[in-house]
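Structure assessment
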Amino acid sequence: MEWNIEIEDMRIHETQRHTHKKPRLTIGRSNVNDIVILNSYISREHLILSIQDASCSIQDLGSVNGTFLEKNNEWEKITGTTTVSPPTRLLLGEEISLRIQLQAPAPSNAETAALTLAHPKPSMAQVFSIK
């Protein structure tokens, strides 16, 4: 399975889309994470996402500003670990929205890979770093 993750910085109204093949992703402000989000509401090590069959495990790592799961048009705070069936939406702190989907990997092809590695808009490059 592959991750399709859409990251939106709601204060500047810009979005980036990323595909990952790793079964486990770390997200936070520190450079040690798989997805680095430079935002003061994001903890250095904010959360872990893990694929388990067709579901997704979300573990908040004791983040200061919280991780929230959208359920029935309301935000529910995640404490510890929660398992969901994507597609799902998370709120990190007060400004970062994550939309998570899982899909079977697409066949590789050089042209598709080149499109996937396209550079983000300059303003987004200052906010997100993907490894």
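For the structure itself, look to the data block above.
Just so we're clear, the structure is a prediction, and the values are computed from it rather than from any experiment. (Residues numbered from 1 in each chain as written. Predicted model: local features only at pLDDT ≥ 70, side-chain atom pairs only at ≥ 80, totals over all residues. Heavy atoms only, no water.)

**Describing the pairing of strand 11 (residues 96–103)**
Residues in a regular strand project their side chains so that they alternate between the two faces of the sheet. Relative to strand 11, strand 1 (residues 2–9) runs antiparallel, the two sharing eight bridges. Note on strand 11: the bridge partner recorded for W3 is L102. In this antiparallel pair of consecutive strands, strand 10 (residues 88–92) and strand 11, the connection spans three residues, and G93 shows a positive phi of 60°. (Pairing = 2+ DSSP bridges. Helix = DSSP H or I, 4+ residues; strand = E, 2+ residues; numbered from the N terminus.)

**Quick word on the pairing of strand 2 (residues 14–20)**
Only one face of strand 2 is covered, namely the one carrying E14, Q16, H18 and H20; the face carrying T15, R17 and T19 has none of its residues buried. Two elements, strand 1 and strand 2, share seven bridges in a ladder whose sense is antiparallel. Looking at the pairing, W3 lines up with H20 of strand 2. Linkage of strand 1 to strand 2, two consecutive antiparallel strands, is achieved through a turn of four residues, within which H13 is found at a positive phi near 55°. (Buried < 20%, exposed > 50% of the residue type's maximum accessible area, 1.4 Å probe, protein only.)

**Quick notes on the nonpolar core**
In terms of nonpolar packing, the biggest core is built from 22 residues, with W3, L49, L90 and L92 touching the most fellow members. Taken together, the elements giving at least two residues each to this core come down to strand 1, strand 3 (24–28), strand 4 (35–37), strand 5 (47–52), strand 6 (55–60), strand 10 and strand 11. Sequence-distant contacts of L90, defined by excluding residues within four places in its chain, comprise L47, L49, I58, T67, F68, L69, W75, I78, I96, S97, L98 and I100. (Core = buried A, V, L, I, M, F, W, Y, C linked by side-chain atoms within 4.5 Å. Contact = heavy atoms within 4.5 Å.)

**Focus: the sheet that holds strand 8 (residues 74–77)**
Spatial strand order, 2-1-11-10-7-8: six strands in an open sheet with antiparallel pairing. Since the sheet does not close on itself, it has two edges, and those belong to strand 2 and strand 8, each with one partner. When the angles between neighbouring strand axes are averaged without regard to direction, this sheet yields 25°. Inspection of the sheet shows strand 7 (residues 67–71) paired to strand 10 by three bridges, in the antiparallel sense. Along strand 10, the bridge assignment pairs T67 with L92. (Axes fitted to C-alpha atoms, helices over the stretch in contact; angles between N-to-C directions.)

**Topic: the side chain of Q16**
One can find Q16 in strand 2. Looking at Q16, the relative accessible area reads 7%, which means it is buried. A polar atom in the side chain of Q16 sits 2.7 Å from the side chain of H18. (Polar contact = N/O pair within 3.5 Å; in protein donor to acceptor, adjacent residues only side chain to side chain.)

The values are spatial; any link to function lies outside them.
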